[in-house]
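Chain residues, written in single-letter form:
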Amino acid sequence: MNNSSQGAMVISLDLELYWGMRDIISIDDYEQHLSGVRQALPAILKLFDRYQIHATWATVGFLHYSNLEQLQAHFPSQQPSYKNTKLSPYKYINTLEKVGDPQLHFCPDLIELISQSSGQEIGTHTFSHYYCLETGQTQAEFKADLDAAIAVGKQANLTTKSLVFPRNQYNQAYLKTIADCGITSYRGNETSAIYNDEAGDGDRVTKRILRLLDAYVNLTGHNCYSKSELRSSYPVNIPASRFLRPYSPKLKYLDGLRLRRITSALKYAANRGEIYHLWWHPHNFGVNLAENLSFLEQILQTYQKLKAQNKMQSLNMQEIAKLCMTSQKQMSTV
């Protein structure tokens, strides 16, 4: 199935619903985006099926449950002791008698839909949308959270092999923990310093401005990665190349630049046999769905042309990790 000499397009989506936005914005202010996931996710899967796209859906463990009572019955024994208590979803849950709209917090039916779709991997975005760089939390608390995420996946007959750190708070010290839990790959950050998110980082506003510019103009390079780079780590680090920013009516006149920024990097990866990793959240497509799907399809059409030239293949994170680990074994026996 996999041709190790070809380039590869990797897609990962962070499926989190309100658990990923809860400490940033009120549910009323973001309800349209969240409720729109019910239409966006099946539409994305349909597009993936049309273009034979493999993808990893990094899923918050909370989403596997149908209601608050089910979730509370499966809380891990240790919970994150963030110094900033606003960050803890457990504190939020304790203030509720019930979750408002369950479909903004839970989606076992959508997870099932993904699992039944060809080429789709369900990875983990941790159990509680856990922040691995925030002050106060500990490695033992992270381990308890990850154990809970893997356990709820197992209840749904899923084997968890890939992880995406929430808010891209990549923590080098926690790599042994994820390996001990059976995780074989994770999504690291782009190599440029503007994509490093650190707790208490006072320069985040500047970084956000630079990231916005980088979505349209090549400030940081193509952010493609050779397979030899990926083989050098375990668990396998499959760094992000580009966040697929959602359609913006205010910036629609720049969409040609945004598209070219992505497709030129795809071509670069294809011509060098490298890996290009695109990611976003389903809720980014929760509004302006038609425009977002149209933009995504233009990317997939470029991929399709490269595939027809035998230069590019579509692999999810687990498939990339297997490819790298197989190459490692072959090299070690030479």
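Preceding block: the structure.
First, a word on what this report is: a plain description of the structure on this page. None of these values were measured; they are calculated from a predicted model.

What counts, and at which threshold
Residues numbered from 1 in each chain as written. Predicted model: local features only at pLDDT ≥ 70, side-chain atom pairs only at ≥ 80, totals over all residues. Heavy atoms only, no water. Phe/Tyr/Trp six-rings, centres within 6.5 Å; stacked < 30°, edge-to-face > 60°. Helix = DSSP H or I, 4+ residues; strand = E, 2+ residues; numbered from the N terminus. Lys NZ or Arg CZ within 6 Å of the ring centre and 35° of its normal. Buried < 20%, exposed > 50% of the residue type's maximum accessible area, 1.4 Å probe, protein only. Core = buried A, V, L, I, M, F, W, Y, C linked by side-chain atoms within 4.5 Å. Contact = heavy atoms within 4.5 Å. Pairing = 2+ DSSP bridges. Right-handed = clockwise from strand over helix to strand, strands pointing away. Salt bridge = Lys/Arg side-chain N within 4 Å of Asp/Glu carboxyl O.

### Let's talk about the packing of aromatic side chains
Aromatic rings in a pair are described by how distant their centres are and how their planes are angled relative to each other.
So, step 1. Counting across every chain of the model gives 19 aromatic pairs.
So, step 2. On the basis of an interplanar angle of 40° and a centroid distance of 4.7 Å, the ring pair of phenylalanine 243 and tryptophan 279 is categorised as tilted. One end of the pair, phenylalanine 243, is in strand 7 (residues 242–243); the other, tryptophan 279, is in strand 8 (residues 275–280), and 36 residues separate them in sequence.
So, step 3. Above the ring of phenylalanine 295, the side-chain terminus of arginine 258 is found at 3.7 Å from the ring centroid.
So, step 4. Just above the ring of tyrosine 268 sits the side chain of arginine 272; from NZ or CZ to the centre is 3.8 Å.

### Some thoughts on unusual backbone geometry
What is expected of a backbone is that most residues other than glycine have negative phi and most peptide bonds are trans.
So, step 1. Cis geometry is found at the peptide bond from tyrosine 234 to proline 235, where omega equals -5°.
So, step 2. Looking at the element boundaries, proline 235 is found in the loop between helix 9 (227–231) and strand 6 (236–237).
So, step 3. A positive phi angle is found at leucine 17, which is not glycine, with a value near 50°.
So, step 4. Within the secondary structure, leucine 17 is located in the loop between strand 1 (7–15) and helix 1 (27–35).
So, step 5. Relative accessible area serves as the criterion here: at 2%, leucine 17 is assigned to the buried category.
So, step 6. If you check the backbone angles, glutamine 52 has positive phi at about 55° while not being a glycine.
So, step 7. Note that glutamine 52 resides in the loop between helix 2 (37–51) and strand 2 (55–59).

### Thoughts on the nonpolar core
So, step 1. Among the nonpolar cores identified, the biggest contains 62 residues, and Ile11, Phe48 and Trp280 are the most heavily contacted of them.
So, step 2. Here the element with the most residues in this core is helix 2; it accounts for eight residues.
So, step 3. Excluding anything up to four places from it in sequence, tryptophan 280 contacts Ile11, Ser12, Leu13, Asp14, Ile44, Phe48, Phe243, Leu244, Phe285 and Leu296.
So, step 4. Listed in part, the 16 residues of the second largest apolar core include Tyr82, Cys132, Leu146 and Tyr186.

### Some remarks on the pairing of strand 8
So, step 1. Most of strand 8 is tucked away: six of the six residues are buried.
So, step 2. Because side chains alternate across strand 8, one face comprises the buried residues Ile275, His277 and Trp279, and the other comprises Tyr276, Leu278 and Trp280, equally buried.
So, step 3. Here two bridges tie strand 7 to strand 8, and the two strands are oriented parallel to one another. Bridge pairing links arginine 242 to leucine 278 in strand 8.
So, step 4. Remark: the strand 7/helix 10 (residues 255–272)/strand 8 crossover connection has right-handed handedness.

### Some remarks on the pattern of salt bridges
So, step 1. Counted by the stated rule, this structure contains nine salt bridges.
So, step 2. Close ionic contact of lysine 176 with aspartate 180 constitutes a salt bridge, the shortest N to O distance being 2.9 Å. With a gap of four residues between them, lysine 176 and aspartate 180 both fall in helix 7 (residues 175–180), about one helical turn apart.
So, step 3. Connected via shared salt-bridge partners are Asp214, Arg242 and Arg261.

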